[in-house]
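This is what each chain is made of:
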Amino acid sequence: PPLLRVFEEKNVKITFFIEGRWAEKNPELLRLIDGKGHEIGNHGYSHAHHAKLSLEQNINEIKDAESIIEKITGKKPLLFAPPYGEFSDLTIKAAESLNYRVIMWSIDTIDWKKPGVDYIVNKVLKKAGNGKIVLMHPTEDTVKAMPVIIENLQKQGYKITTITDLLSGE
């Protein structure tokens, strides 16, 4: 919720990649994210290492998360971001067979390691560029860094948007 407040104050919509297990435990928060107009992507069911999974296991991970997300939001995700950024040809084949676009990030803030607000801000601002996709997690430091990041990127003329809008050129 604190991160959602920042996005609302700054009038920004982004893409959240949601793990199936997380969605099961947090259906109200997922409804809130969706209800605020953010895009919901699929992050697999159990945060598995998809590069090590068979085709069937990849399909099951994606479909299981999809089923939960769709049940909660009423919408089927169209984007899949593999956990850890790990994937194989079988992961791509599985995702495409389910009509997903596989998404990877350009800038990893490693905010889950709690490197500090300044580190997160500097990492994003130093590597910013057109079409860049930033990987972040809802940590306390990220919540503090986000307003600074948004303000600076907007001052530089960047538009912060969902991945679908980025891909469509909007």
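For the structure given in this document, a descriptive report is provided here. All of these numbers come straight from a predicted model, not from anything done at the bench. Every chain's residues receive numbers from 1 upward, in the order its sequence appears when written. Under the rules for a predicted model, residues below a pLDDT of 70 receive no local features and side-chain atom pairs below 80 are neither given nor counted, while totals for whole chains, interfaces and linings still include all residues. To obtain the side-chain values, all non-hydrogen atoms of the structure were included, while hydrogens and water were left out.

**As for the side chain of Thr142**
The line we're drawing: Segments assigned H or I by DSSP are reported as helices when at least four residues long, segments assigned E as strands when at least two residues long, and all are numbered from the N terminus. With a 1.4 Å probe rolled over the protein chains alone, any residue whose accessible area is under 20% of its type maximum counts as buried; one over 50% counts as exposed, and the rest are partly exposed. By the convention used here, residues are in contact when the closest approach between their heavy atoms is within 4.5 Å.
Looking at the element boundaries, Thr142 is found in helix α7 (residues 140-155). Residue Thr142 is classed as buried on the basis of its relative accessible area of 0%. Setting aside residues up to four positions removed in sequence, Thr142 forms contacts with Asp111, Ile120, Met136 and His137.

**Describing the pattern of salt bridges**
Spelled out, the test is: Definition used for salt bridges: Asp or Glu carboxyl oxygen within 4 Å of a side-chain nitrogen of Lys or Arg.
If you walk through the whole model with that rule in mind, you get seven salt bridges. Glu8 is paired through a salt bridge with Lys36; the nearest N and O atoms lie 3.0 Å apart. A residue pair is termed long-range when its members are at least 10 positions apart, and Glu8 in helix α1 (residues 2-9) and Lys36 in the loop between α3 (27-35) and β2 (39-42) qualify at 28 residues. The exposed category is assigned to Glu8, whose relative accessible area is 51%. Taking the relative accessible area as the measure of exposure, Lys36 reaches 27% and is therefore partly exposed. A salt bridge links Glu28 to Arg31; its shortest N-O distance comes to 2.7 Å. Highlighted residues: Glu28 and Arg31, both in helix α3, separated by three residues, approximately one helical turn. Take Glu28: its relative accessible area is 57%, and that puts it in the exposed class. Here Arg31 falls in the partly exposed class, since its relative accessible area comes to 37%.

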